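Below, each chain spelled out in residue letters.
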Amino acid sequence: MSKKIDERLPREIGEGALPNHAAVKSPWEKLVSYHDAAHYAQRYSSVLGAAVMQAFRILVPDYVERSKALCTNAYNRLHFINCIPGVAAMQTDELNVHPFCAGNFPGGLVGDAGDEKLLMCGRVNDFGTYRVEKELDICYWDIIGSELCRSTTQSLQACADVQADLRRKGPHLEYHMVEAKGCGDRHCRIVAESRDKYPMPDHEQWECFGPVATADQIKFTKEEDTVSESMMFREECNYTFVNGTTTEDDSTSAYPMVAMSNGSSYILPTIDDLIREGRLDEKTVDHVLWCVCEAAGKAAFGEFYAKEGLRNWLGVPGDIDDGRVMGARLEMFLQCMRYSYEIEAFNKDEVIYIIDRKELANNMPKLVNAYLAYWYGETKTLVNAQWCLWEEPGSTADDKLRIKIAKKIDKFC
């Protein structure tokens, strides 16, 4: 162990002597199970996504303009991804889409499996040639904003439309969000309908939200019959996700989805589009994103009970109240997200991590700055205002991010 790193037990200590469990571990031997780690990854990303959405609302104040931009990007981006050779065909094989299926209704299978992997549990109430209905009891993205709810419908529409290209011509279904937990509804509900069979007035892409033609067919689940865990985490389902075409997935299917798909992955690419189109100024975007995420980070531990709650979760010893607390916070996040990192220093004076920048960015460079601003803000309240978190520029290769946590005086912070 380096002299700059406080002594800690290696992960392999005791391996085989006691039953092994899938878990991540804090620097003070506190274990977080695989189940909790997956949920943590989803919640953490959603909280940051809520902050990113607030920045977007400042940058684009008009709701309709914002929603249109998000829906356009969501459809185009997912259509492009699914058109990459082999992607849609792989989904067809994994989801056991039968050869006789026609049209785009099998896109419902894509959405159903994706929901379960994202721990957004519920049920398929209808799955037919002319109508599909999916009801969610849990949605981690419900704190981000209804604009995001609209855009997720369009990403599903794109997946469905590409699926249609793989099979013979058949009914075309319009995917429509009837209810959304992000709007205060008890459930999220997607209903896809054939407009030839169930006509409705024409509407714009971003308006696929609200009442549908088949409202009388909706199957509403009572509160007492709802679920709180995906099939992979439920004993009654033998801890296995099974869909209507007998696809089976165990609990390991939660990854990589919980680490790669989140609210920010819809918002930041849309902001990039608007910058390229000249509708947003990049310097203004970076400034607003930093300010909002920094404030959100400070608010996370602004109340002292929140700080105490995290210390208990991490198992922080009572005599430690320095940068190591924030360092442990980062380590748990990085482990739960399965991101690569190295520890250069972990002691009472300084904490230094070297993180894989590409993993952290997840194809969104601005996400790195959002994290840095959020973590900077968290440090100020989780530890105290004497402590700071920053990136040390030019100290590592382009694909590495060197983060330092230490005391720092800044008269312009």
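Bear in mind the structure is a predicted one, so any value in this text is a computation, not a measurement.

(A) Representation of the packing of helix H1 (residues 34-59) against helix H12 (residues 365-382) in the model. Relative to each other, H1 and H12 sit at 100 degrees, their axes nearing to 11 Å. Taken together, H1 and H12 sit at an angle that is classed as roughly perpendicular. Facing H1, whose interface residues are Tyr-44, Ser-45, Val-47, Leu-48 and Val-52, H12 presents Leu-367, Ala-370, Tyr-371, Tyr-374, Trp-375 and Glu-378. Residues that form the contact of H1 with H12 fall into these classes: nine nonpolar, one polar and one charged.

(B) Just the sheet that holds strand E6 (residues 188-194), in detail. Spatially, the four strands line up as an open sheet ordered E3-E4-E6-E5, and their pairing is antiparallel. In this open sheet, the two edge strands, each paired with only one partner strand, are strand E3 (122-127) and strand E5 (173-179). The sheet shows a mean angle of 15 degrees between the axes of neighbouring strands, direction not considered. Set on the sheet, helix H5 (residues 146-164) makes contact with E5 and E6; between it and E5 the angle comes to about 155 degrees.

(C) Fine view of the pattern of salt bridges. Taken as a whole, this structure holds 35 salt bridges when the rule is applied. Between Arg-402 and Glu-344 there is a salt bridge whose closest N-O contact spans 2.2 Å. Placement of the pair is Arg-402 in strand E12 (residues 400-407) and Glu-344 in strand E9 (residues 341-346), with a sequence separation of 58 residues. Judged by relative accessible area, which is 26%, Glu-344 ranks as partly exposed. Because the salt bridges share partners, they merge into one network encompassing Arg-123, Asp-126, Arg-131, Glu-133, Glu-135, Asp-137, Glu-179 and Arg-189.

(D) Layout of the pairing of E5. Of all seven residues making up E5, seven are buried, and the element is well covered by its neighbours. In terms of strand pairing, E5 meets E6 through six bridges, oriented antiparallel. Of the residues in E6, the one forming a bridge with Leu-173 is Ser-194.

(E) Spotlight on the packing of aromatic side chains. Under the definition given, this model contains 15 aromatic pairs. Centroid distance Trp-28 to Phe-346: 6.0 Å. Interplanar angle 50 degrees. Geometry classified as tilted. Residue Trp-28 is located in the loop between strand E1 (23-25) and strand E2 (31-33), and its partner Phe-346 is located in strand E9; the two are separated by 318 residues in the primary sequence. Among the residues examined, Phe-346 registers a relative accessible area of 2% and is labelled buried. A ring pair is formed by Tyr-371 and Trp-375, whose centres lie 5.1 Å apart and whose planes are at 20 degrees; its orientation type is stacked. Of this pair, Tyr-371 and Trp-375 both sit in helix H12, four residues apart, which is roughly one turn of the helix. Residue classification places Tyr-371 among the buried positions, given a relative accessible area of 2%.

Scoring rules and cut-offs
Residues numbered from 1 in each chain as written. Predicted model: local features only at pLDDT ≥ 70, side-chain atom pairs only at ≥ 80, totals over all residues. Heavy atoms only, no water. Axes fitted to C-alpha atoms, helices over the stretch in contact; angles between N-to-C directions. Helix = DSSP H or I, 4+ residues; strand = E, 2+ residues; numbered from the N terminus. Parallel < 35°, antiparallel > 145°, perpendicular 65-115°, else oblique. Contact = heavy atoms within 4.5 Å. Nonpolar A, V, L, I, M, F, W, Y, C, P; charged D, E, K, R; others polar. Pairing = 2+ DSSP bridges. Salt bridge = Lys/Arg side-chain N within 4 Å of Asp/Glu carboxyl O. Buried < 20%, exposed > 50% of the residue type's maximum accessible area, 1.4 Å probe, protein only. Phe/Tyr/Trp six-rings, centres within 6.5 Å; stacked < 30°, edge-to-face > 60°.

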